[in-house]
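A structural walkthrough
Each chain is listed here by its residues.
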Amino acid sequence: MRQRLADELEGVRRRSLDLLAPLDDDHLRRQHSPLMSPLVWDLAHVGNFEELWLLREVAGAEPIDRALDDVYDAFRHPRPNRPSLPLLGPAESRRYLLDVRGRALEHLERADLDDGGRPLLAGGFVYGMVVQHEHQHDETMLATLQLMAGDGYRPLAPPPPAVVGPPPSGEVVVAAGPFVMGSDADPSGTGAWAYDNERPAHVVDLPEFRIDAGPVTNGRFLEFVLDGGYDLPFFWEPEGWTWRQGNDVRHPLFWVDEGGGDWSRVRLGFREDLPLDEPVQHVSWYEADAFARWAGKRLPTEAEWEKAASWAPCAGRGGGAKRRFPWGDESPVPGSSLANLGQAHFRPAPVGAYPDGASAYGCHQMIGDVWEWTASDFEPYPGFASFPYREYSEVFFGADYKVLRGGSWATSPAAVRNTFRNWDYPIRRQIFSGFRCARGT
Ligand SMILES: [Fe+2]
């Protein structure tokens, strides 16, 4: 267990540093968009989070520099204000990270990870939390790189293209009946690392529904654009229509109308032909919702999404089994044929590219590629208890946020599973967000 935790810590740090390696100090310090932090803020912030939890909370250590707690407190300083903070420079940030990590690994050697001990430490939970937190910031940094103006971003090594397979067709039918939603894995459950908002597991009984076998593609979304979907208020939620009008939104973020029926998109600063067979990404909840209405469908609720992804029904008996991932319980490793995660291609893979990762019901690419908007507000499950701190989930519950599921191409395998819940404002679209549709039967 200790070795595995050390490996996970090492893996995420390599990921963070590799992502930033192609950038000079100026790019690291600059704020590329008011929606995002300067990259160097994210970098030192993950170190500060690690210091707070693995050194101060777990090991009872004294602060390395108390002033850093304020500068890197995400709640105290919203993103637009972060460039004006007294940030550590890139080299200082890297040194700080090394210092914290060295001490954290030292303490890991003797930490009591037994199940009967502190809930925070049992099963290595707090280490899993720190690993997932850094992976989540890596995804945030990838969103910043996507927004970066100028020369464009090239990863350290050119990523391989995805293997294109036949796209899954149409919809699958999910029969009426109960399934187990959420995770009961004790916060300390080995390898579970479920966050408080995923717990507790509870039974939800759903009527029969149909859900798309694959995410909505750029090609299909282009039909909506060309059909005047952005001009007809009839398809839009009233607040969505106001947002669309107020911001003159006419297509997904990063799409470019080249005229004459040609469309391109900007990816990591480079313009390329719009790939029609890839899942659409960089759409807001309002755009996804409007598309669904145009298509005569709706967005799935998060319960429907999770059932389609995670439930393996037993033939004829009404029961079933819960899977950690759509294909089963096996964690996808980098380069696996199960899911497009961990910037394997630095883009979504064409729909149909990962047939081995299909769910028991036959839904493809539910994990990886694009986060999928659901119809649901971010609410606690019955019996929710915040752990280990209210600011992770509890303060965000309510109708302001919509739930996204399944992770994107920029999400690490360590930071996603069928029960994982992400949430964001319905106007958000700099994130790697797409969707699939559902309908009743
Ligand atoms: Fe954070």
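Along each chain, numbering runs from 1 in the same order as the chain's sequence is written. Reporting of local features is limited, given that this is a predicted model, to residues whose pLDDT is at least 70; pairs of side-chain atoms are given and counted only at 80 or more, and all residues count toward the totals for whole chains, interfaces and linings. Note that water and hydrogens are dropped before the side-chain values are worked out from all heavy atoms of the structure.

1. Quick notes on the sheet that holds strand 5 (residues 255-259)
The condition is simple: What makes two strands pair is DSSP finding at least two bridges between them. Helix and strand labels come from DSSP, where a helix needs a run of H or I of at least four residues and a strand needs a run of E of at least two; each type is numbered from the N terminus. Fitted lines through C-alpha atoms serve as axes, helices being fitted only where they are in contact, and the angles separating the N-to-C directions of these axes extend from 0 to 180 degrees.
Spatial strand order, 5-6-7: 3 strands in an open sheet with antiparallel pairing. With one partner strand each, in any of the chains shown, strand 5 and strand 7 (270-273) form the two edges of the open sheet. Each strand of the sheet is rotated relative to its neighbour by a mean of 35 degrees, with strand direction disregarded.

2. Notes on helix 10 (residues 302-310)
Put simply, the test is: Under the scheme applied here, a residue whose accessible area is under 20% of the maximum for its type counts as buried, over 50% as exposed, and between as partly exposed, the area being computed with a 1.4 Å probe on protein chains only.
Extensive coverage of helix 10 is indicated by the burial of 9 of its 9 residues. Within helix 10, the full set of buried residues consists of E302, A303, E304, W305, E306, K307, A308, A309 and S310.

3. Details of the confidence of the model for the chain
Basically, it comes down to this: Confidence scores here are pLDDT values: one per residue, from the predictor, ranging 0 to 100. Throughout, a contact is declared for two residues whenever any of their heavy atoms are within 4.5 Å.
In this model, the chain carries an average pLDDT of 93, and 98% of its residues clear a pLDDT of 70 or more. Between residues 187-191, whose pLDDT stays under 50, and residues either more than four places distant or in other chains, the model counts 12 contacts.

4. Here's the deal with the coordination of the iron ion
As a reminder of what qualifies: For Na, K and Ca the donor cut-off is 3.2 Å, while for other metals it is 2.8 Å, and in both cases only N, O and S atoms qualify; water is not among them, so sites may look incomplete.
Each protein donor to the iron ion is listed here as H45 (NE2), H133 (NE2) and H137 (NE2); together their distances run 2.2 Å. Read N to C, the donor residues that coordinate the iron ion are spaced as H-x87-H-x3-H. Within this pair, H133 and its partner H137 are both found in helix 6 (residues 125-147), separated by 4 residues, close to a single helical turn. By the burial criterion, H133 is buried, and H137 matches it.

5. Here's the deal with the layout of surface pockets
Think of a ball as big as a water molecule: rolled over the atoms, this probe shows where empty space is left. Formally: Computed over the protein atoms alone on a 1 Å grid, cavities are sets of points where a 1.4 Å probe fits but cannot get out and pockets are open sets with protein on both sides within 12 Å along at least five of seven lines; a residue lines them when it has an atom within 4 Å of a point. Grid points are joined across faces, edges and corners, and a volume is the space filled by probe spheres set on the points. Put simply, Ala, Val, Leu, Ile, Met, Phe, Trp, Tyr, Cys and Pro go in the nonpolar bin, Asp, Glu, Lys and Arg in the charged bin, and everything else, Gly too, in the polar bin.
In this structure, the second largest pocket spans a volume of roughly 950 Å³. A total of 9 residues in the lining of the second largest pocket trace back to one element, the largest contributor, which is helix 1 (residues 2-20). Its residues placed into classes, the lining of the second largest pocket shows 21 nonpolar, 9 polar and 8 charged.

6. Thoughts on the sheet that holds strand 12 (residues 421-424)
Ordered by their spatial adjacency, 4 strands build an open sheet running 12-11-10-13, and the pairing between neighbours is mixed. Two strands close off the open sheet at either side, each with one partner strand: strand 12 and strand 13 (433-434). Where strand 10 (residues 371-378) meets strand 13, 2 bridges bridge the pair, whose relative direction is parallel. Residue pairing for strand 13: W371 is matched across the bridge by S433.

7. As for empty space enclosed by the protein
One pass over the full model with this rule turns up 1 cavity of 30 Å³ or more. Each pocket or cavity is described by its volume, and for the largest cavity that value is around 80 Å³. In terms of lining, the largest cavity is formed by Q146, N218, L253, F254, W255, R265, V266, R267, P279, V280, Q281 and H282. Sorting elements by how many residues they give to the lining of the largest cavity places strand 6 (residues 262-267) first, with 3 residues. Taken together, the residues of the lining of the largest cavity break down into 6 nonpolar, 4 polar and 2 charged.

8. Examining unusual backbone geometry
Following R199, the chain continues to P200 via a peptide bond in cis, the omega torsion being -10 degrees. Secondary-structure assignment places P200 in the loop between strand 2 (177-181) and strand 3 (202-206). Residue F387 is joined to P388 through a cis peptide bond whose omega torsion reads -5 degrees. Within the secondary structure layout, P388 lies in the loop between strand 10 and strand 11 (398-405). Phi at L268 takes a positive value of approximately 50 degrees, unusual for a residue other than glycine. Within the fold, L268 resides in the loop between strand 6 and strand 7. A positive phi angle, near 55 degrees, is found at Q365, a position not held by glycine. Of note, Q365 is situated in the loop between strand 9 (320-322) and strand 10. Residue Q365 is classed as buried on the basis of its relative accessible area of 3%.

9. Structural notes on the packing of aromatic side chains
Test applied: Stacked, tilted and edge-to-face are the three classes assigned to paired rings of Phe, Tyr and Trp, where Trp is represented by its six-membered ring and a pair needs centres within 6.5 Å; plane angles under 30 degrees give stacked, over 60 edge-to-face, the rest tilted. We call a charge positioned over a ring when the NZ of a Lys or the CZ of an Arg lies within 6 Å of the ring centre and within 35 degrees of the ring normal.
A full pass over the atoms with the stated rule returns 38 aromatic pairs. Considering the side-chain rings of F125 and F387, the 5.1 Å spacing of their centres and the 55 degrees angle between planes classify their relative orientation as tilted. On the criterion of sequence distance, the pair formed by F125 in helix 6 and F387 in the loop between strand 10 and strand 11 is long-range, its members being 262 residues apart. For the pair shown, F125 and F387 are each scored as buried. Seen from the ring of W41, R82 lies directly overhead, with NZ or CZ sitting 3.8 Å from the centre. Lying over the aromatic face of W285, K402 brings its terminal NZ or CZ to 4.5 Å of the ring centre.

10. Concerning helix 9 (residues 285-294)
Across the 10 residues that make up helix 9, a large majority, 9, are buried. Every buried residue belonging to helix 9 is among W285, Y286, E287, A288, D289, A290, F291, A292 and W294, and all of these are buried. Elements that come into contact with the buried residues of helix 9 comprise helix 7 (218-226), helix 8 (238-246), strand 10 and strand 11. Downstream of helix 9 by one or two residues, G296 has phi in the positive range, about 75 degrees.

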